[in-house]
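# Summary of structural features
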Amino acid sequence: MDTSFFLAWINAIATAVQAERDHLTQLDAAIGDADHGANLDRGFAAVRQALTDAPPQTPGAVLTAAGSALIRKVGGASGPLYGTAFRQMGRSLGDAAEITPEALAAGLEAALAGIQKLGGAAEGDKTLVDALAPAVRALGRAVQDGTKLTDALAATEAAAQEGARATVPLEARKGRASYLGPRSVGHEDPGAASTVLIFAALREAAGQA
Amino acid sequence: MDTSFFLAWINAIATAVQAERDHLTQLDAAIGDADHGANLDRGFAAVRQALTDAPPQTPGAVLTAAGSALIRKVGGASGPLYGTAFRQMGRSLGDAAEITPEALAAGLEAALAGIQKLGGAAEGDKTLVDALAPAVRALGRAVQDGTKLTDALAATEAAAQEGARATVPLEARKGRASYLGPRSVGHEDPGAASTVLIFAALREAAGQA
Amino acid sequence: MKKLINSVDAVVTDTLRGIAAAHPSLRVDVENKVIYRADAPHQGKVGLVSGGGSGHEPLHGGFVGYGMLDAACPGEVFTSPVPDQMIEASKGVDGGAGVLHIVKNYTGDVLNFEMAAELCADEGIEVASVLVNDDVAVQDSLYTAGRRGTGATLFVEKIAGALAETGAPLAEVARVAKEVNERSRSFGVALTAGTVPAAGRPTFELPDTEIELGIGIHGEPGRTRTSHREAREIARLALDAIDDDVALSGDTLVLLNGMGGTPLMELYIVYAEVAAYLEEKGARAVRSLVGNYVTSLDMQGFSVSVCRLTDELTRLWDAPVETPGLRWGR
Amino acid sequence: MKKLINSVDAVVTDTLRGIAAAHPSLRVDVENKVIYRADAPHQGKVGLVSGGGSGHEPLHGGFVGYGMLDAACPGEVFTSPVPDQMIEASKGVDGGAGVLHIVKNYTGDVLNFEMAAELCADEGIEVASVLVNDDVAVQDSLYTAGRRGTGATLFVEKIAGALAETGAPLAEVARVAKEVNERSRSFGVALTAGTVPAAGRPTFELPDTEIELGIGIHGEPGRTRTSHREAREIARLALDAIDDDVALSGDTLVLLNGMGGTPLMELYIVYAEVAAYLEEKGARAVRSLVGNYVTSLDMQGFSVSVCRLTDELTRLWDAPVETPGLRWGR
Ligand SMILES: Nc1ncnc2c1ncn2[C@@H]1O[C@H](COP(=O)(O)OP(=O)(O)O)[C@@H](O)[C@H]1O
Ligand SMILES: Nc1ncnc2c1ncn2[C@@H]1O[C@H](COP(=O)(O)OP(=O)(O)O)[C@@H](O)[C@H]1O
Ligand SMILES: [Mg+2]
Ligand SMILES: [Mg+2]
Ligand SMILES: [Mg+2]
Ligand SMILES: [Mg+2]
């Protein structure tokens, strides 16, 4: 996976977030403050702009730039969290020009660690970690098993999807939804839903590559 | 017509205003500020209270006390206008113990004159004057013709009713409805509607006497 | 209807209890429905009394205090107060220099204040009255009730109050009050109608795509209805109406007033357009207020009032004031 | 959705343009979205910076001025600002005595302010932070995000601002800010939900017969829904929640805060009940504010905040302040 692969991924995320903007916002209206779609759409539009204005030359630089743009433009909880995730992943990829599946898996592990260090959420707290953590584990396993990349990424997306769905019955302990206590039960976490979009975009990018 | 006749009249007005409170308010909502029913209901409740607290001994005193209570408790445009009307009528009746139809007609003329002096409205301005003036004229004619009192009061009520209905197509030149300009057209004036109640109550009181 | 009230009949009394509890600088006669400066009357100072229907808070009770009103008489919701209240208030604030009645031009207010003024005269209190009629949405003529009094009432109360505080005589205070009114114009726009508690539902219905132009402060519908549009264009419609009536120029005092249910954010958005419009016309908003001052229950919308200033009016506007609703310089 | 805006995307910028036009005492950097005191920085004075999502006006921009904040950073509607804004603001107000960040406890605000504080430290600006978390509607625990910051933010900004004005060092200003927060509790009630411009419809639906208890200021639904009832009982529900958390007694400062769409009349009606409740408990509201201060767009409802005063806090509360939203003593 080269620089253009990662540019394609980011692009696919931006497209998906724009298409799902209202859906994400509606999820956030139920247990948050009705801005998750608007936040990410604004953020990934800024990411696209940043990548056009100063095209990065390595996969790591693409992700670092994307993360920085998210931190600069999103605000809210998801801005620093996703921003840190992309920046940590970018740092983990270093300045390699070509990324192996193993490096991709390690990068996503770094992203997860970054989010958890910053936000302090564990699995089961009904946050995007509930989609991200199983996806990262699924990718790690698939890569270890030598699964073909497109299959590995399909499994990753499926794991994220399942993790997101599994947030529905949970009571939130982190983020705004936690204010609702038991009333947060019965709704999908918006951040988990946007994490699914990120992994769907990754599979898509791999399918086109 | 003796003191108890006038007490019965006032009582009948209070009952009618209470029953028609919402209707009067809805008329006022269309071209005013949605309080005419509440205003008059508050006012005639206070009138009832005043007449119970200190029972007046003559017809004139009944009307003067009623007018004073309206001025003290209603506020708005209708409070001083109706209050002045009853006070002027009370003054016109003097301290007679028994009121003739002629004196009644003269009293209502005084009421009309009081309202017009205070409010400056002419017929056709889409106010309660549009119901009051033709009613006063009808009573004067009937009394002059020697019509039986109950018939005379039925004609008076009919004239008020017709006058009220005739306010519908008018454009208001006085009161709040005048702010609407041409948009006041097509609605019955709430004050004209309450004037009809007053004459209906008068006919009722005569029917029971 | 969903309101924070105890009962429809108690709204005015309960509001007065709240005002009394919140503002030790005021003395509230809940039974007679009069709000006084706690330290009224002031010997030798002209007393300022205003009043009108409730539902316009902070007008008038929120403008009682140093440098503004000496007393306010709240009527029932959207219903002018009764003469008894005005007489009581006038007696309570008369410091021997007479009393100025500030009356918004509505038939009810005018009639009740007129009756009160007559009865005050009978009791030996000198009363002068000023009529506020700033609303350009209403066509004025000899044969109609004339223009409504709306936002400019605040200008009149503040500026006349400042002059009264200097010990000026009644005729002078009345003169400046009239001058402020003559130099002021207002226009209002509604996005939704307010709900009178006793009526239980909005005074008029507006679809989501329409707004009312030329509304007053009593929930009466406006002169015309038009399609909802950008804040910029709505501000322009309002200011065009004012500018058509009297050309906007020079230094002005601007009140961008919320009708009660509109958030401050939106008022600032409109104010940005108002300031830009004035500049285009070669006028300048050298003094301004943005917020809820002369409201209409929970109505959504705004009114804009412009007073063309003179040096005297600017100086009096800047003079110290200390009321619940307006406070500076002290 | 019917709002006075030019476009959904421009609400924050247009609001800033309006604030800039209305308040010459402020310097507004519309592009970087920072509102400064026009005369910042003050040499030797601790700089106070706060910020948070837009839609809560006058919080925070309306509290920039003498005796309160030196700068405010508005985020998008209901979205915390970004670190760049906070860094810019901190640089702009640092007079060499360090900067206090006043942060409402929301994950987004906390994370963004944390990042900003780190980057400020890198640039040699001393930063202390105080977290406001006064909302008793939220169950607090080690494993959750903790309590929200709501109305008490105003108390913290006013009192810390007054102390900073005396030239007190950063540690002292941070100490008093924390003390105010610890002594304050809030609870909110909604009659209707607000509408985020970008979402286009109310965040939640409430039937005409129900109210939400324990709402925050971001349109999030509350903890429980109950039947609508008299203002007296609703006030009691709110104060019971506070009193259960920390017994109400002694002299208190009370904020009866409107959520943006509720008229002042109703706020006074609720305040009368709040004052009566406190008296029943043997506490007293010796200082109070009634009005729209920490809002949630056009939401209808109120929040009540109570701070148990000390002599020091009372003195600092009474100290002069001159901001668009709060002004006395000058
Ligand atoms: N402490 C946390 N750790 C991980 N994710 C979190 C945390 N707090 C919130 N989130 C995620 O952020 C999402 C909300 O993002 P967004 O709506 O953009 O921000 P905000 O909550 O500030 O409005 C939540 O759905 C949740 O997945
Ligand atoms: N100048 C006037 N002369 C006669 N009647 C008037 C005048 N102004 C208003 N009215 C009457 O008063 C009625 C309204 O009364 P009400 O609603 O109680 O008072 P307000 O208009 O102050 O709310 C109108 O329908 C009209 O009939
Ligand atoms: Mg959100
Ligand atoms: Mg009326
Ligand atoms: Mg009325
Ligand atoms: Mg948010």
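It should be emphasised that the depicted structure is a prediction, and the values quoted were computed from it without experimental measurement. (Residues numbered from 1 in each chain as written. Chains lettered and ligands numbered in written order. Predicted model: local features only at pLDDT ≥ 70, side-chain atom pairs only at ≥ 80, totals over all residues. Heavy atoms only, no water.)

Our next topic: the overall build of chain C. The helix and strand inventory of chain C stands at eight helices and 14 strands. Relative to the compact-globule value of 20 Å for 330 residues, chain C shows a C-alpha radius of gyration of 19 Å, a close match. Projected onto its principal axes, the C-alpha coordinates of chain C cover approximately 55 × 50 × 45 Å. In chain C, buried positions account for 68% of the 330 residues. Counted over contacts in chain C with a minimum sequence separation of 6, partners at least 24 positions apart contribute 72%. Taken as a whole, chain C presents about 9900 Å² of accessible surface, with 46% of it coming from carbon and sulfur. Averaging the coordinates of the 29 positive side-chain charges in chain C and doing the same for the 46 negative ones gives two points 3 Å apart. (Helix = DSSP H or I, 4+ residues; strand = E, 2+ residues; numbered from the N terminus. Rg over C-alpha atoms; globule rule 2.2 N^0.38 Å. Buried < 20%, exposed > 50% of the residue type's maximum accessible area, 1.4 Å probe, protein only. Contact = heavy atoms within 4.5 Å. Areas by Shrake-Rupley, 256 points an atom, 1.4 Å probe, with all protein chains shown as cover. Lys, Arg positive; Asp, Glu negative; His and termini not counted. Charge placed at Lys NZ, Arg CZ, Asp CG, Glu CD.)

On to the sheet that holds strand β11 (residues 283–291) of chain C, then. Residue and element names in this part refer to chain C. If you walk across this open sheet you meet the six strands as β9-β8-β7-β12-β10-β11, and the pairing is mixed. The open sheet is flanked by β9 (224–227) and β11, the only strands paired with a single partner. Adjacent strand axes in the sheet meet at a mean angle of 20° when their direction is disregarded. Examined bridge by bridge, strand β7 (residues 184–192) and strand β8 (residues 210–213) share two bridges and lie antiparallel to one another. (Pairing = 2+ DSSP bridges. Axes fitted to C-alpha atoms, helices over the stretch in contact; angles between N-to-C directions.)

Now for the site of ligand 1. For ligand 1, the set of nearby residues contains 20 residues, the closest of which are His 36, Asn 39, Ala 77, Ser 78 and Asp 189 of chain A. Neighbouring residues of ligand 1 are distributed over chains A and D. Taking Asn 39 of chain A, its side chain carries an N or O atom lying 2.9 Å from an oxygen atom of ligand 1. Within the backbone of Ala 77 of chain A, one N or O atom sits 2.8 Å away from an oxygen atom of ligand 1. Protein contacts shield 96% of the accessible area of ligand 1, which totals 560 Å² for the unbound molecule. Of all the secondary structure elements, the ones that give two or more residues to the shell around ligand 1 are α3 (36–53), α5 (78–93) and α9 (190–208) of chain A. (Near = heavy atom within 4 Å. Polar contact = N/O pair within 3.5 Å; in protein donor to acceptor, adjacent residues only side chain to side chain.)

All names here are of chain B. Coordination sphere of the magnesium ion (ligand 4), protein contribution only: Asp 28 (OD), Asp 33 (OD) and Asp 35 (OD), at 2.0 to 2.2 Å. Each donor residue of the magnesium ion (ligand 4) lies on the same chain, and together they follow the pattern D-x4-D-x1-D. In this model, the magnesium ion (ligand 4) sits 3.5 Å from the magnesium ion (ligand 5), the two metals being bridged by Asp 33. Asp 35 shares its class with Asp 28; the two are buried. (Donors = N, O, S within 2.8 Å, 3.2 Å for Na, K, Ca; no water.)

Time to look at the sheet that holds strand β8 (residues 210–213) of chain D. Residue and element names in this part refer to chain D. Pairing is mixed in the open sheet, where six strands are placed in the order β9-β8-β7-β12-β10-β11. Each edge of the open sheet is held by one strand with a lone partner, namely β9 (224–227) and β11 (283–291). The average angle at which neighbouring strand axes cross in this sheet is 20°, direction not considered. Relative to strand β12 (residues 300–308), strand β7 (residues 184–192) runs antiparallel, the two being bridged by eight bridges. Pairing of Arg 185 across the sheet is with Val 306, part of β12. The strands touched by helix α7 (residues 264–280) are β10 (250–258), β11 and β12; relative to β11, the strand with the most contacts, the crossing angle is about 170°.

Below, the discussion takes up the interface of chain B and chain C. Taken together, the 33 residues of chain B in the interface contact 37 residues of chain C. It is Arg 176, Tyr 179 and Arg 183 of chain B that lose the most area in chain B upon contact with chain C, and together they represent 27% of the buried surface on that side. Taken together, the connections running from chain B to chain C amount to two salt bridges. A salt bridge links Arg 72 of chain B to Asp 84 of chain C, with the shortest nitrogen-to-oxygen separation between them at 2.5 Å. Remark: the boundary between chain B and chain C carries eleven residue pairs in polar contact (both at pLDDT 80 or more). (Buried area = accessible area lost by both parts, 1.4 Å probe. Salt bridge = Lys/Arg side-chain N within 4 Å of Asp/Glu carboxyl O.)

Summarising burial for helix α2 (residues 83–93) of chain D: eight of the eleven residues are buried, a large majority. Inspection of α2 of chain D places Pro 83, Gln 85, Met 86, Ile 87, Ala 89, Ser 90, Gly 92 and Val 93 of chain D among the buried residues, and these make up the whole buried set. Where α2 of chain D is buried, its residues touch α4 (59–73) of chain A together with β2 (34–37), β3 (47–54), β4 (71–77), β5 (99–104) and α3 (107–122) of chain D.

All right, on to the packing of aromatic side chains then. Taken as a whole and assessed by the stated rule, the structure comprises 14 aromatic pairs over all chains. Judged by centre distance (6.0 Å) and plane angle (85°), the ring pair of Tyr 179 of chain A and Tyr 106 of chain D falls under edge-to-face. Placement of Tyr 179 of chain A in the loop between α8 (149–165) and α9 and of Tyr 106 of chain D in the loop between β5 and α3 is noted, with the two residues assigned to different chains. You'll find Tyr 179 of chain A and Tyr 106 of chain D in the same group, each marked buried. Taken together, the ring pairs in this structure connect Phe 5, Phe 6, Trp 9, Phe 44 and Phe 86 of chain A into an aromatic cluster. When the ring centre of Tyr 66 of chain C is taken as origin, the NZ or CZ atom of Arg 330 of chain C, which lies over that ring, is 3.8 Å away. (Phe/Tyr/Trp six-rings, centres within 6.5 Å; stacked < 30°, edge-to-face > 60°. Lys NZ or Arg CZ within 6 Å of the ring centre and 35° of its normal.)

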